Amino acid sequence: MSTARIVPITMPKWGLSMQEGKVVEWLVPEGTELKLGDHVLDIETEKIANTFDALDAGLLRRIVAQPDEVLPIGALLGVLAPAEVTDAEVDEFITEFQKNYVPPEIAEEGAADGWKFVEAGGYRLRYSKMGDGARNIVLIHGFGGDADRWAFTQEPLAASASVYALDLPGHGQSSKQLNDGSVKHLAATVIAFMDAVGIDKAELIGHSLGGAVALQAAVDHPGRVSALALIASAGLGAEINAAYINGFIAADSRKEMKPLLEQLVADPELVTRTLINDMLQFKRIDGVGAALTAIARGFQDGSQQTVNLRAHLDGLDVPVKVIWGSKDAIIPASHAAGLPAKVKVTVLDGFGHLVQLEAAAEVNKLLL
Amino acid sequence: MARKITYQQAINEALDQEMARDENVVVMGEDVVGGSGSDGEMDAWGGVLGVTKGLYKKYGDRILDTPISESGFVGAAVGAAASGLRPVCELMFIDFMGVCFDQIFNQAAKFRYMFGGKAETPVVIRTMYGAGFRAAAQHSQCLYPLFTHIPGLKVVLPSSPYDVKGLLIQAIRDNDPVIFCEHKVLYTLEGEVPEESYTIPFGEANVVREGDDVTIVAFGRMVQQANKAAAALAKEGVSCEVIDPRTTSPLDEDTILESVENTGRLVVVDEAHPRCGMAADISALVAKKAFSSLKAPVEMVTAPHTPVPFNGKLEDLYVPSVERIAAAVRATAGYAA
């Protein structure tokens, strides 16, 4: 028997809220020799669709889950095994797996599903922590987003680090009443968050506005930040899609919200009805409109960005990565050009503003 | 995710948060001060199902017990609304509305119009409706089509804990009279509800489930039934889109029409009687505005044109069942011209 060499491919868990996923299509046929990171199949969750990339190398012997099947996380999708393993052994492995597979309990209570709350900087902030490596990473989402923007990022990074994802004030399930909407204040709030959860020094990974917040935190609190990764970041140039920012603040219907969210990605099919509903539900919470308006005023004047931190990059004594999608329709990828030589710049071809969701595997490789 | 509470707790939380936010919000109705589960004597006072439990201790005289005189206290609520308060008036069962039609139809619904836009009537009338409680013919009806018929009234039928909180807050902040219809069988339904205050705009349907073969439009408690039917039908290879209009007035016509333009098949599920009800109304809308998209006759699944029976077995047969909804979907999906 060689079952040790039989490896299951199972339904991944992308983000804290994912409980099941739908197989859209297999991108490779049975009999394909997979390398680590090869695109294997497309999976759709309530929130967003994504490509599942091989976590193990090996020969794809069997496709178990068929297109359109909806399966809980951990369910068997396919089987990898070397050619010398017999079909009978593969069959036996599948039978055993299915017999022993227990779908995870659906989380009932707020506390049980991994979200936590902490008082910091005068706010109640929601966050989640994955992994417990010595290396600390804090993920900072962008304008109008929340910690779910890191659904495909947090768990992969957590293999070798303690990875925190928080909702900035005015966002997600954190306090909506802002004391100050400036990037400087948000940066101070991230440092206060680190104090509150007991992190002395962390790598900050910021997306969009969160990139500017991360950079500002490194400038204002140099001892607290050990590295920066700025993804489609604000604060590196003047241009910004102000129509998106202003439209997002004003939108109160599906019809208004959908075309806006479609600008965030290169492939508009990724914008699901659930994503649109989530955004509308967020926007309809008391205080969100005022918070978003205050934050928008803190970094743009209605047509351009007003916070430019590019000049600080030279003086920073920490490694800096800059990642962009070439088709970013919110903040142009041209802001990745002309940065100091020590900044490691990658522009991923064909992806939009939410590049960490749209090209999760590529971005994660760059972040690891 | 967010914390889970019941439909009933979500109503209580909406009332609590709006009373804290705006001192003009008052709650009035029969036994609303007490509430089942209150301390000592207060518990005996009832409050039918205890929806307003705990509010009296927090807000004192802003929670008003009224005599058993619906025509009197509904009139008082309408007048108070016209003169500056935001009353949330609880009329225990929708079946009792008959004695205050003048206050609702001729006064509340007409003030803005009759006074040339100079008067506003921000009153919410909360009321329980629907069968399933063994409460017989005078305490089990679905009379919301009557109110939907009257221009000047907004009519709300929340189907989930999330929706009931957001829609009730919206209703309280709305400057027009709102008939807020709560299905009593839904009171124990649990769901995720944010702790913060939030609103849901009127006239925006919720697409509860997406699908391509058949559109099911369902109201109130029937949304759950339709969802169960859709889940069962998915296993047979029939993909249903389930739409909950959430408000019958205003009505989100676009969402319904866009869905039928995609599926070409429509089933309307309503617990009310079939004549002059929401099922007939939606069918007419689609027949007029999406006729060329229809591939099959519209199916209506409703209660029969009879009073709600007291006999439990008959009452269960009276309410549209998951099986009847599924059968209607199969009929329209299998129709060949």
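Residues numbered from 1 in each chain as written. Chains lettered and ligands numbered in written order. Predicted model: local features only at pLDDT ≥ 70, side-chain atom pairs only at ≥ 80, totals over all residues. Heavy atoms only, no water.

Some words on the domain arrangement of chain B
Residue and element names in this part refer to chain B. Condition: As annotated, the domain borders come from an automatic or database domain assignment. Residue contacts follow a heavy-atom distance rule, with two residues in contact if any of their heavy atoms lie within 4.5 Å. Two parts placed together each lose some accessible area; with a 1.4 Å probe, that loss summed over both constitutes the buried area. Salt bridges are counted wherever a side-chain nitrogen of Lys or Arg sits within 4 Å of a carboxyl oxygen of Asp or Glu.
By the assigned domains, chain B splits into domain 1 (4–192) and domain 2 (206–333). Placing the centre of domain 1 and that of domain 2 at their C-alpha centroids yields a distance of 27 Å. Each partner contributes to the interface: domain 1 provides 26 residues, whereas domain 2 provides 25 residues. Together domain 1 and domain 2 conceal approximately 2100 Å² of surface at their shared face, both sides included; 56% is due to carbon and sulfur atoms. Between domain 1 and domain 2 we count 3 salt bridges in total.

Focus: the pattern of salt bridges
To keep things clear, this is the line we draw: A helix here means a DSSP run of H or I that spans at least four residues, while a strand means a run of E at least two residues long, and both kinds are numbered starting from the N terminus. Working definition: with a 1.4 Å probe on protein chains only, accessible area under 20% of the residue-type maximum means buried, over 50% means exposed, and in between means partly exposed.
Under the defined criterion, the tally for this structure stands at 37 salt bridges over all chains. Here R134 of chain B makes a salt bridge to D316 of chain B, at a shortest N to O gap of 3.1 Å. Of this pair, R134 of chain B sits in the loop between β5 (124–129) and α7 (144–148) while D316 of chain B sits in helix α12 (residues 312–318), and the two are 182 residues apart along the sequence. The partly exposed category is assigned to R134 of chain B, whose relative accessible area is 38%. Between K289 of chain B and E253 of chain B there is a salt bridge; the shortest N-O distance is 2.9 Å. Here K289 of chain B, found in helix α11 (residues 278–289), pairs with E253 of chain B, found in helix α10 (residues 253–263); they are 36 residues apart in sequence, far enough to count as distant. Residue classification places E253 of chain B among the partly exposed positions, given a relative accessible area of 28%. Beyond isolated ion pairs, a larger network of salt bridges with shared partners links D252 and R284 of chain A together with D163, E204 and R246 of chain B.

A short note on the sheet that holds strand β13 (residues 266–270) of chain B
Where strands meet in a sheet, backbone hydrogen bonds hold them as pairs that are either parallel or antiparallel. Residues and elements named next belong to chain B. Quick reminder of the rule: For two strands to pair, DSSP has to find at least two bridges joining them. As a rule, the C-alpha atoms of each element are fitted with a line to give its axis, helices using only the stretch in contact, and angles between N-to-C directions run from 0 to 180 degrees.
Pairing within the open sheet is mixed, and its 5 strands lie in the order β9-β11-β10-β13-β14. Every other strand in the sheet has two partners, leaving β9 (206–209) and β14 (299–302) as the edge strands with one partner each. Taken pair by pair, the neighbouring strands of this sheet meet at an average axis angle of 25 degrees, ignoring direction. Across the sheet, helix α13 (residues 322–333) touches β10 (214–218), β11 (240–244), β13 and β14, and the angle it forms with β14 is around 175 degrees.

Looking at the sheet that holds strand β6 (residues 58–63) of chain A
Residues and elements named next belong to chain A. Overall, antiparallel pairing links the 4 strands, which are arranged β1-β8-β6-β3 in an open sheet. Of all strands in the sheet, those with a lone pairing partner are β1 (7–10) and β3 (33–34), marking the two edges. Here β3 pairs with β6 via 2 bridges, running antiparallel. Counterpart to L34 in the pairing with β6 is G58.

Describing the confidence of the model for chain A
What counts is decided by this rule: Note on scores: pLDDT gives the predictor's confidence for each residue, bounded by 0 and 100.
Within chain A, residue pLDDT values average 91, and 96% of them lie at 70 or more. The low-confidence segment residues 107–112 of chain A, where pLDDT is below 50, has 5 contacts with residues more than four positions distant or belonging to other chains.

Side note on the nonpolar core
Nonpolar side chains in soluble globular proteins tend to end up buried together. For the record, the criterion: Residue types Ala, Val, Leu, Ile, Met, Phe, Trp, Tyr and Cys, when buried and joined through side-chain atoms within 4.5 Å, form a set referred to as a nonpolar core.
The biggest cluster of nonpolar side chains holds 159 residues, and the ones touching the most others in it are L77, V138, L204, L228 and L261 of chain A. Ranked by residues supplied to this core, first place goes to helix α3 (residues 183–197) of chain A with 9 residues. Setting aside its immediate chain neighbours within four residues, L77 of chain A contacts I9, T10, M11, P12, V23, W26, L41, I43, I63, V64, A65 and L71 of chain A. Membership of the second largest hydrophobic core comes to 47 residues, among which are M97, Y144, L157 and V286 of chain B.

Examining unusual backbone geometry
Cis geometry is found at the peptide bond from S249 of chain B to P250 of chain B, where omega equals 0 degrees. With respect to the secondary-structure elements, P250 of chain B resides in the loop between β12 (247–249) and α10. For S208 of chain A, which is not a glycine, the phi torsion comes out positive at approximately 60 degrees. Checked against the element boundaries, S208 of chain A lands in the loop between β13 (202–207) and α4 (209–220). In this structure S208 of chain A comes out as buried when scored by relative accessible area, which is 9%. With a phi close to 65 degrees, D31 of chain B is a non-glycine residue in the positive phi region. Relative to the helices and strands, D31 of chain B is located in the loop between β2 (25–29) and α2 (40–45). A residue is classified by how much of its surface remains accessible, and D31 of chain B, at 32% relative accessible area, is partly exposed.

Re the packing of helix α5 (residues 242–250) of chain A against helix α8 (residues 288–299) of chain A
Residues and elements named next belong to chain A. Worth spelling out the cut-off: Roughly parallel means an angle under 35 degrees; roughly antiparallel, over 145; roughly perpendicular, 65 to 115; everything else is oblique. Working rule for handedness: look at the near helix, and if it is turned counterclockwise from the far one by less than a right angle, call the crossing left-handed; if clockwise, right-handed.
Close contact between α5 and α8 brings their axes to 10 Å; oriented N to C, the two are set at 165 degrees. Relative to α8, the element α5 lies roughly antiparallel. The hand of the α5/α8 crossing is left-handed. Residues I245, F248 and I249 of α5 form the contact with α8, whose participating residues are L292, T293, A296 and F299.

Quick notes on the layout of surface pockets
All names here are of chain A. We apply this condition: Cavity and pocket criteria rest on a 1 Å grid covering protein atoms alone: a 1.4 Å probe that fits but cannot get out defines a cavity, protein on both sides within 12 Å along at least 5 of 7 lines defines an open pocket, and an atom within 4 Å of a point defines a lining residue. Grid points are joined across faces, edges and corners, and a volume is the space filled by probe spheres set on the points. Side-chain classes are defined by residue name, with Ala, Val, Leu, Ile, Met, Phe, Trp, Tyr, Cys and Pro counting as nonpolar, Asp, Glu, Lys and Arg as charged, and the others, Gly among them, as polar.
The volume enclosed by the second largest pocket comes to roughly 690 Å³. Lining the second largest pocket are 28 residues, and of these D53, A54, L55, P156 and N364 sit closest to its centre. Mapped by element, the contributors of at least two residues to the lining of the second largest pocket are β1, β5 (49–53), α2 (154–158) and α10 (360–367). Looking at the lining of the second largest pocket, its residues break down into 18 nonpolar, 5 polar and 5 charged. When residues of the lining of the second largest pocket are assigned to domains, at least three map to each of domain 1 (3–100) and domain 2 (113–367).

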